[in-house]
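# Report on the structure
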Amino acid sequence: MDPANVGPAHWQALRRLAIEAMDRAYAPYSHFKVGAAGLNEDGRLVSGCNVENAAYGATLCAECGMISELIRTGGGRLVAFACVDGSGRACSPCGRCRQVISEHAAPGMLLAMPEGIQTIDEVLPGRFGPADLAT
């Protein structure tokens, strides 16, 4: 699937899955639950939720959980992504998570940001990637 073919039904499914993931988040310290969902190029949906830890640095982001699920279920490239907060509103991934997502992004991947739909290049311009490691 190409990002250009992502339609309203896909965005609804992503938001629904992200909310379901957020409902399962473990956030006893910040009380800031996050759910993330991605659409793979093969049509598969993957999700993740944040999992906090008393040692704050060991906390797992929803986006990283989603990428782990992507790899666990066969890998591939993401064509669309949605992330929600505890109220179900679009939530912006932090810079670290944008970098993690970009490693698995199809060209032109779309993200549902609080400002609207944006491409991976818009949310992480000039990103560092595998091509930068080529010698």
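The present account deals with the structure reproduced in this document. (Residues numbered from 1 in each chain as written. Predicted model: local features only at pLDDT ≥ 70, side-chain atom pairs only at ≥ 80, totals over all residues. Heavy atoms only, no water.)

### Quick notes on the state of the cysteines
Taken as a whole and judged by the stated rule, the model has zero disulfides. Here Cys49 is not cross-linked by a disulfide; its sulfur's nearest cysteine counterpart is in Cys83, at 11 Å. Counting only cysteine sulfurs, Cys91 is the nearest neighbor of Cys83, a cysteine outside any disulfide, at a range of 4.5 Å. Judged by relative accessible area, Cys83 falls into the buried class, the value being 1%. (Disulfide = S-S within 2.5 Å. Buried < 20%, exposed > 50% of the residue type's maximum accessible area, 1.4 Å probe, protein only.)

### Considerations on the pattern of salt bridges
Between side chains of opposite charge, pairing is possible as soon as their charged atoms come close. Scanning all chains against the criterion turns up four salt bridges. In this structure, Arg44 engages Asp42 in a salt bridge whose closest nitrogen and oxygen atoms are separated by 3.2 Å. The closest approach of N and O atoms between Asp85 and Arg89, which form a salt bridge, is 3.2 Å. By relative accessible area, which is 8% here, Asp85 ends up buried. We classify Arg89 as exposed; its relative accessible area is 54%. (Salt bridge = Lys/Arg side-chain N within 4 Å of Asp/Glu carboxyl O.)

### Description of the pairing of strand β3 (residues 78-84)
Judged by how many residues are buried, β3 sits mostly within the fold: seven of seven residues are covered. Of the pairings in the sheet, the one linking strand β1 (residues 35-40) to β3 comprises six bridges and is antiparallel in character. Counted as the bridge partner of Asn40 is Leu78 from β3. Where β3 and strand β4 (residues 105-113) come together, four bridges link them in parallel fashion. Within the sheet, the bridge partner assigned to Ala80 lies in β4 and is Leu110. Handedness of the crossover joining β3 and β4 through helix α3 (residues 95-102): right-handed. (Helix = DSSP H or I, 4+ residues; strand = E, 2+ residues; numbered from the N terminus. Pairing = 2+ DSSP bridges. Right-handed = clockwise from strand over helix to strand, strands pointing away.)

### Quick notes on the packing of helix α2 (residues 62-72) against α3
Two numbers describe a pair of packed helices, the interaxial angle and the distance between the axes. Interhelical geometry of α2 versus α3 gives an angle of 15° and a closest axis separation of 9 Å. One way to sum up the angle between α2 and α3 is to call them roughly parallel. Classified by chirality, the crossing of α3 by α2 is left-handed. Contacts between α2 and α3 pair Glu63, Cys64, Met66 and Ile67 from the former with Arg96, Cys97, Val100 and Ile101 from the latter. Of the residues assigned to the contact of α2 with α3, the class counts are six nonpolar, no polar and two charged. (Axes fitted to C-alpha atoms, helices over the stretch in contact; angles between N-to-C directions. Parallel < 35°, antiparallel > 145°, perpendicular 65-115°, else oblique. Left-handed = near helix turned anticlockwise from the far one by under 90°. Contact = heavy atoms within 4.5 Å. Nonpolar A, V, L, I, M, F, W, Y, C, P; charged D, E, K, R; others polar.)

### Some points on the side chain of His104
Structurally, His104 can be placed in the loop between α3 and β4. Here His104 is in contact with Ile67, Leu70, Ile71, Gly76, Arg77 and Leu78, once residues within four sequence places are set aside.

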